[in-house]
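Single-letter residue listing:
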Amino acid sequence: MITVGLFIPCYVDQFFPHVGMATVRVLERHGVRVEFPEEQTCCGQPMANSGCADEARPLAEKFLRVFRGYDYVVAPSGSCVSMVRNHYDGLVGGRTGHEHLKAHTYELCEFLHDVLHVEKVEGRFPHRVGLHRSCHGLRELRLGAGSERNVPGFDKVKKLLSSLEGITLLEPSRADECCGFGGTFAVNEEAVSCMMGKDRIADHEQQGAEIIAGIDMSCLMHMDGLIRRAGKPIRVRHVAELLAGEG
Amino acid sequence: MASRDDILGAVRRAQPPATAHPGVAGLGNRFPDLPAKFAEMVAVVGGTCLRVPDLAAADRALRELPVHREAKRIASMVPGVGAATFDPVAVADPHELAGMDLCVLAAELGVAENGAVWLDVRKLPHQALFVIPEHVAVVVQASTLVHDMHQAYAAISHAPGFALFLSGPSKTADIEQALVIGAHGARSCTVLLVGA
Amino acid sequence: MGHAESAALFVRDDARAHWHDQALWFVRQKRDAGARSVPDWEALRERAEAIKAHTQSRLAEYLEEFERNATRMGAVVHWAKDGEEHNRIVHGLLQARGAKLLVKSKSMLTEECRLNPYLEARGIEVVDTDLGERIVQLNHQPPSHIVMPAIHMKREEIGVLFHGTIGTQAGLTDPKALTEAARQHLRQKFLGATAGMTGVNFAIAETGGIVVVTNEGNADMGTSLPPIHIASMGIEKVIPRAEDLGVFLRLLARSATGQPVSSYTSHFHGPRKGSELHVVVVDNGRSALLREAGFRRALACIRCGACLNTCPVYRRSGGYSYTWLIPGPIGSTLAPGRDAVAHASLPFASSLCGSCTDVCPVRIDLHHQLLAWRGEIVARGLLPAGKRWGMRLASWLLRFTWLYALAGKAARLALRVLPPAWTRALSGAWGRQRELPVVPPESFRETYRRTRGQP
Ligand code: SF4
């Protein structure tokens with residue numbers, strides 16, 4: 001039996017515990033033993049993305065310490081996984097366990113698809129769902145082909161979701177434009193960030209989506225904040241909730 | 001020369017460790033029907049492609065077109081094609097070419113992937129002849145067609161002088177992305193594809 | 001004013017910001033179609049990247065080879081360390097020939113060197129002949145986009161501008177009619193010009209030729225009539241061989257506008273008969289950038305503009321919200337290398353979505369460069385102190401799991417018990433247009449421990 005170290009990003013821990021629990025359930029339903037090392041806090045992405053390597057480094061060191069013993073590390077976030085996989089070189093490169101951690105830290109859907117080779121997820125989700133392709137999952141982890149590149153099309157998240165019974169997946173007219181969250185960008189560049197978010201939401205609304213689903217709660221938190229302020233009926237859900245069969 | 005040596009010195013000190021030139025082999029596109037693809041792409045880039053068996057047919061086809069019928073000042077660089085009204089060799093100053101209506105030009109080769117033709121302007125009495133007329137017509141032999149730009153560059157050489165790839169008429173989309181044909185150069189580009 | 005403040009002003013006109021966004025998205029879509037029409041697109045990008053990397057690694061040799069061959073072809077090669085020297089050389093050439101009217105085709109380098117005001121101050125009329133550039137020149141603005149200089153203007157505004165400057169009838173808004181008016185107006189300039197100037201898209205070391213690409217034919221008009229052609233190029237424009245052009249030209253126009261190739265791809269090998277060709281090779285900070293291992297890839301840029309068109313921030317903030325002449329991802333990558341203080345906000349004018357990197361025909365890792373620049377900005381102490389201290393505090397707190405858990409609990413509690421007006425005020429820029437998340441009573445770790453026992 002595979003044991004994974006569950007990595008729950010700090011803001012998911014604090015604000016979206018149900019997404020963490022859904023992740024546990026999805027993994028367990030697929031025969032994985034889940035351990036949540038309680039020592040964990042944050043991967044250091046907010047600091048690294050602000051250019052503050054000195055502030056990010058101790059957190060990367062801590063992360064490596066906490067997770068280095070696991071065969072696999074899995075998180076319900078493309079962005080935080082990308083931090084560990086693509087941006088730890090400059091922070092903890094060369095330390096014991098870094099190469100293993102880098103190669104074995106997975107975003108949830110990626111883990112189901114690439115490691116467990118899940119073809120079909122049992123469960124029903126009879127709703128009209130617009131898929132939000134979070135940028136780091138798409139362009140840093142390559143969970144999908146992306147609209148820019150001329151490569152054979154694939155989309156690991158969509159493939160898993162489309163295997164749910166009753167689900168209607170809707171494509172926004174701009175398949176994978178950024179929602180404008182971008183970490184501190186959301187606050188530094190508030191005006192553009194919010195315009196981007198509203199445009200994404202409007203696109204999904206135009207397709208008739210009831211729900212916007214994505215793999216990163218950060219993007220969804222941003223869009224949800226805009227949706228609730230505007231009093232719109234559309235809702236956001238993390239993909240883990242859908243895969244956990246939480247219709 | 002001080003600046004030259006300073007710049008080259010600074011560049012030399014800044015250069016990264018050597019990496020190899022990858023070459024250009026193994027790239028490119030192949031089309032099952034070369035003339036058909038070329039004609040299609042000439043249309044895509046805003047030109048008109050007429051397929052004709054020989055130069056005599058090219059001449060007949062051209063003379064029927066409004067760009068020829070309505071033209072008052074015509075020059076032809078392709079003997080037997082178009083009814084030339086003057087010989088540009090006799091024109092001393094290229095400024096006097098302004099206002100000419102049509103110039104018939106011969107292309108060295110045509111490129112199927114983008115509808116471009118290679119014009120060797122070195123052979124013309126004036127460099128302006130491909131850009132100053134209101135309209136141009138270009139004669140391309142089907143036997144010279146290549147699939148893509150890699151093949152094109154393999155086939156052309158670079159002697160002193162001017163040459164260009166011309167692909168369709170002059171155009172712009174600088175006002176609200178609206179495509180307008182005829183910015184500064186030819187307002188139309190008729191390609192006569194001979195022998196296809 | 002940094003990018004964020006200018007962008008906020010741009011966004012305030014919501015309809016116009018959306019119009020701008022849509023206009024550029026349309027170009028992005030044309031680019032996608034162009035890229036998809038080429039089966040070996042990704043291989044081409046890799047090859048282009050590798051050719052550029054190779055060229056950088058032997059740049060001095062290739063520049064010398066270019067100079068040798070260009071001279072052999074009959075051109076005169078000049079070298080300029082900076083913009084000032086470039087302008088001096090150009091002016092010297094014009095002055096010696098008594099040239100009073102210069103027609104210029106698009107060149108971001110001459111913009112960078114601020115050539116126009118330099119020459120105008122010395123009594124030379126400079127006419128930008130690319131339609132978009134002529135529009136912004138008449139409007140006394142720099143280009144707002146590197147390929148479509150007047151993309152920020154509406155047809156009505158151009159109609160008013162042309163009415164006031166080149167005497168078109170009032171109320172003209174049809175792009176065709178406006179373009180026709182510009183054609184007539186510029187035709188007179190071409191015929192009257194005593195010198196022509198162009199940029200350089202590619203300089204071929206092996207043959208000594210330069211290649212200039214336009215759709216309008218303005219570079220060709222401007223070099224076919226006057227007795228002197230001056231071409232300005234950055235040192236990074238040189239490529240080793242003519243056959244390399246096959247790679248770059250298949251990428252360039254498709255990336256820029258979706259066209260399979262530009263209308264005019266002009267190859268100048270030496271001067272026209274009876275005329276002169278001068279090539280000015282300009283450094284102006286480029287060799288310094290080449291020294292930076294982390295940032296030199298940006299020198300591979302072929303100025304297609306694709307990264308601007310795809311950038312969700314550029315589309316919604318416009319070219320003038322950037323503090324440098326070249327806007328968008330590539331500009332934000334290049335600018336801080338020139339002046340990190342003046343352009344400190346630019347690396348942060350990105351959500352790091354990475355779309356720029358994936359459209360770039362020469363595969364510059366633009367969003368990683370922006371991220372690396374953020375590190376430089378912080379290392380040089382240019383991040384506002386408040387932000388730096390916020391990061392320090394957070395980093396310190398997150399080192400101690402118990403402290404993090406406690407702080408999280410306290411924050412969640414506060415958010416639940418404080419009156420909404422207070423939390424909204426506390427949420428600052430986040431809360432201007434967005435609600436905070438609905439705060440759960442328990443964190444994940446609490447729920448997990450309660451339901452699963454001690455891990
Ligand atoms: S950085 Fe790349 S995408 Fe941007 S303008 Fe340059 S070549 Fe084009």
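Residues numbered from 1 in each chain as written. Chains lettered and ligands numbered in written order. Predicted model: local features only at pLDDT ≥ 70, side-chain atom pairs only at ≥ 80, totals over all residues. Heavy atoms only, no water.

Draft legend 1. Here's a closer look at the overall build of chain A. Within chain A, the secondary structure is distributed over 14 helices and eight strands. Structurally, chain A occupies a C-alpha span of about 50 × 45 × 40 Å along its principal axes. Looking at chain A as a whole, 66% of its 247 residues are labelled buried. Here the analysis covers contacts within chain A between residues at least 6 apart in sequence; of these, 77% occur between residues at least 24 apart. (Helix = DSSP H or I, 4+ residues; strand = E, 2+ residues; numbered from the N terminus. Buried < 20%, exposed > 50% of the residue type's maximum accessible area, 1.4 Å probe, protein only. Contact = heavy atoms within 4.5 Å.)

Draft legend 2. Broad picture of the interface of chain B and chain C. Contacts between chain B and chain C engage 69 residues on the former and 95 residues on the latter. Where chain B abuts chain C, roughly 6,800 Å² becomes buried across the two surfaces, and 58% of that area is made up of carbon and sulfur atoms. Among the residues chain B hides against chain C, the three largest losses belong to B:I175, B:Q177 and B:H184. Together they make up 12% of the total. Counting every contact that joins chain B to chain C gives eight salt bridges. (Buried area = accessible area lost by both parts, 1.4 Å probe. Salt bridge = Lys/Arg side-chain N within 4 Å of Asp/Glu carboxyl O.)

Draft legend 3. Fine view of the interface of chain C and chain A. The partner chain A presents 70 residues to the 80 residues of chain C that form the contact. Interface area, chain C with chain A, both sides summed: about 6,600 Å², of which 55% is carbon and sulfur. Contact with chain A buries area across many residues of chain C, yet C:Q433, C:R434 and C:F444 alone supply 12% of it, more than any other trio. Where chain C touches chain A, the interface holds 13 salt bridges. For C:R432, the salt bridge is made with A:E190, and the minimal N-O distance between the two is 3.5 Å. In the side of chain C that touches chain A, the residues fall into 36 nonpolar, 19 polar and 25 charged. (Nonpolar A, V, L, I, M, F, W, Y, C, P; charged D, E, K, R; others polar.)

Draft legend 4. Up close: the domain arrangement of chain A. Residue and element names in this part refer to chain A. Each assigned domain of chain A is listed here: domain 1 (3–115) and domain 2 (128–243). Computed over C-alpha atoms only, the centres of domain 1 and domain 2 are separated by 21 Å. Contacts between the two partners involve 28 residues from domain 1, matched on the other side by 20 residues from domain 2. When the two sides are added together, the surface that domain 1 and domain 2 hide from each other amounts to roughly 2,000 Å², 66% of it contributed by carbon and sulfur. Considering only the side of domain 1, the residues that lose the most area to domain 2 are Y11, C109 and H113, jointly responsible for 24% of the buried surface there. Seen at the junction of domain 1 and domain 2, the total is one salt bridge. Between K156 and D114 there is a salt bridge whose closest N-O contact spans 2.8 Å. (Domains from an automatic or database assignment.)

Draft legend 5. Structural detail: the side chain of C:R316. Along the polypeptide, C:R316 turns up in helix α15 (residues 312–317). There is a polar contact of 3.1 Å between the side chain of C:R316 and the side chain of A:E177. Leave out the neighbours within four places in its chain, and C:R316 touches A:R174, A:E177, A:V192, A:M195, A:M196, A:D199, C:F10, C:V11 and C:D21. (Polar contact = N/O pair within 3.5 Å; in protein donor to acceptor, adjacent residues only side chain to side chain.)

Draft legend 6. Fine view of a nonpolar patch on the surface. Residues and elements named next belong to chain C. A cluster of nonpolar residues, L393, W396, F400, W402 and L406, forms a patch on the protein surface that exposes about 590 Å² of accessible area. Elements with a contribution of two residues or more to the nonpolar patch: α19 (385–398) and α20 (401–417). Along the polypeptide, F400 turns up in the loop between α19 and α20. (Patch = residues over 30% accessible without salt bridge, like charges linked within 9 Å, V, L, I, M, F, W, Y side chains within 5 Å. Areas by Shrake-Rupley, 256 points an atom, 1.4 Å probe, with all protein chains shown as cover.)

Draft legend 7. Just the nonpolar core, in detail. Membership of the largest hydrophobic core comes to 154 residues, with the highest contact counts inside it found for B:F38, B:L119, B:F165 and C:I330. If near-sequence neighbours (up to four positions away) are discounted, B:L119 is found in contact with B:L105, B:A106, B:A107, B:F130, B:V138, B:A163, B:L164 and B:L166. Grouped together as the second largest cluster of nonpolar side chains are 96 residues, A:A75, A:C219, A:L220 and A:A244 included. (Core = buried A, V, L, I, M, F, W, Y, C linked by side-chain atoms within 4.5 Å.)

Draft legend 8. Representation of the domain arrangement of chain C in the model. All names here are of chain C. The domain boundaries assigned to chain C delineate domain 1 (1–37 + 305–398), domain 2 (48–153 + 194–287) and domain 3 (400–452). Spacing between the C-alpha centres of domain 1 and domain 2 amounts to 27 Å. With 25 residues of domain 1 in contact, the opposing surface of domain 2 contributes 27 residues. Across the interface of domain 1 and domain 2, roughly 2,100 Å² is buried in total on both sides, 62% from carbon and sulfur atoms. At the junction of domain 1 with domain 2, the criterion picks out two salt bridges. Notably, a salt bridge pairs R338 with E112, separated by 3.1 Å at the nearest N-O pair. Between the two partners, domain 1 and domain 2, sit eight residue pairs in polar contact (both at pLDDT 80 or more). Of all the secondary structure elements, the ones that give two or more residues to the side of domain 1 that touches domain 2 are α2 (14–36) and α14 (306–310).

Draft legend 9. Just the arrangement of the chains, in detail. There are two pairs of chains in contact here; the most contacts are made by chains B and C. Of all C-alpha pairs spanning chain A and chain B, none lies closer than 15 Å, and the two are not in contact.

Draft legend 10. Broad picture of the sheet that holds strand β4 (residues 109–111) of chain B. Strand order in the open sheet formed by eight strands is β7(B)-β4(B)-β5(B)-β8(B)-β9(C)-β6(C)-β5(C)-β8(C), and the pairing between neighbours is mixed. Where the open sheet ends on each side, the last strands, each with one partner, are β7 (145–146) of chain B together with β8 (238–239) of chain C. Two strands pair when backbone bridges link them, and strand β8 (residues 161–166) of chain B and strand β9 (residues 264–269) of chain C are joined in this way by six bridges, in the antiparallel orientation. Across the sheet, B:L166 pairs through a bridge with C:Y264, a residue of β9(C). In the packing of helix α12 (residues 244–256) of chain C onto the sheet, contacts are made with β5 (202–204), β6 (209–214), β8 and β9 of chain C, and the angle to β5(C) comes to roughly 170°. (Pairing = 2+ DSSP bridges. Axes fitted to C-alpha atoms, helices over the stretch in contact; angles between N-to-C directions.)

Draft legend 11. Representation of the packing of aromatic side chains. This structure, assessed with the given rule, holds 23 aromatic pairs over all chains. Counting every residue linked through ring pairs, the aromatic cluster contains A:F7, A:F63, A:F67, A:Y70 and A:Y88. Here the basic side chain of C:K52 rests over the ring of C:F248, its NZ or CZ set 5.5 Å away from the ring centre. Sitting above the plane of the C:Y118 ring, C:R122 keeps its charged end 3.6 Å from the centroid. (Phe/Tyr/Trp six-rings, centres within 6.5 Å; stacked < 30°, edge-to-face > 60°. Lys NZ or Arg CZ within 6 Å of the ring centre and 35° of its normal.)

Draft legend 12. Quick look at unusual backbone geometry. Even without a glycine there, the phi angle at A:H117 is positive, about 55°. With respect to the secondary-structure elements, A:H117 resides in the loop between α8 (108–115) and β5 (128–132).

Draft legend 13. Highlighting helix α8 (residues 131–138) of chain C. Burial analysis of α8(C) places eight of its eight residues in the buried class, the great majority of the element. On its buried face, α8(C) is in contact with β9 (171–172) of chain B together with α6 (108–113), α7 (115–120), β3 (125–128), α9 (155–165) and α10 (175–192) of chain C. Where α8(C) begins, one side-chain oxygen reaches toward the backbone nitrogen of C:G132, 3.2 Å away; that side chain belongs to C:D130. The positive-phi residue at the C-terminal boundary of α8(C) is C:H140, with phi of around 55°.

Draft legend 14. Just the sheet that holds strand β4 (residues 195–198) of chain C, in detail. All names here are of chain C. Ordered in space as β1-β10-β7-β4-β2-β3, the six strands form an open sheet in which the pairing is parallel. Looking at strand neighbours, the two that pair on one side only are β1 (76–80) and β3, the edges of this open sheet. The mean inter-strand angle of the sheet, taken between neighbouring strand axes irrespective of direction, is 20°. The pairing of strand β2 (residues 101–104) with β4 spans three bridges and is classified as parallel. By the bridge assignment for β4, L102 is matched with A195. Of the strands in this sheet, β1, β7 (228–234) and β10 (276–282) are in contact with helix α4 (residues 59–72), which crosses β1 at around 145°.

Draft legend 15. Seen up close, the pairing of β4(C). Residue and element names in this part refer to chain C. Because side chains alternate across β4, one face comprises the buried residues A195 and M197, and the other comprises G196 and T198, equally buried. Sheet topology note: the β4/β7 ladder contains three bridges and is parallel. Across the sheet, residue G196 finds its bridge partner in β7, namely H229.

Draft legend 16. Seen up close, helix α5 (residues 83–96) of chain C. Residues and elements named next belong to chain C. For α5, which comprises 14 residues, the first-to-last C-alpha distance of 20 Å matches the rise-based estimate of 20 Å (1.5 Å per residue) to within 8%. Inspection of α5 places G83, E85, H86, N87, I89, V90, H91, L93 and L94 among the buried residues, and these make up the whole buried set. Residue G98 follows α5 closely and has a positive phi angle near 65°. (Expected span 1.5 Å × (residues − 1).)

Draft legend 17. View of the pattern of salt bridges. In the structure shown here, the tally under the stated rule is 70 salt bridges over all chains. In this structure, C:R388 engages A:E55 in a salt bridge whose closest nitrogen and oxygen atoms are separated by 3.2 Å. Highlighted residues: C:R388 in helix α19 and A:E55 in helix α4 (residues 53–67), drawn from two different chains. Like C:R388, the residue A:E55 is buried in the burial classification.

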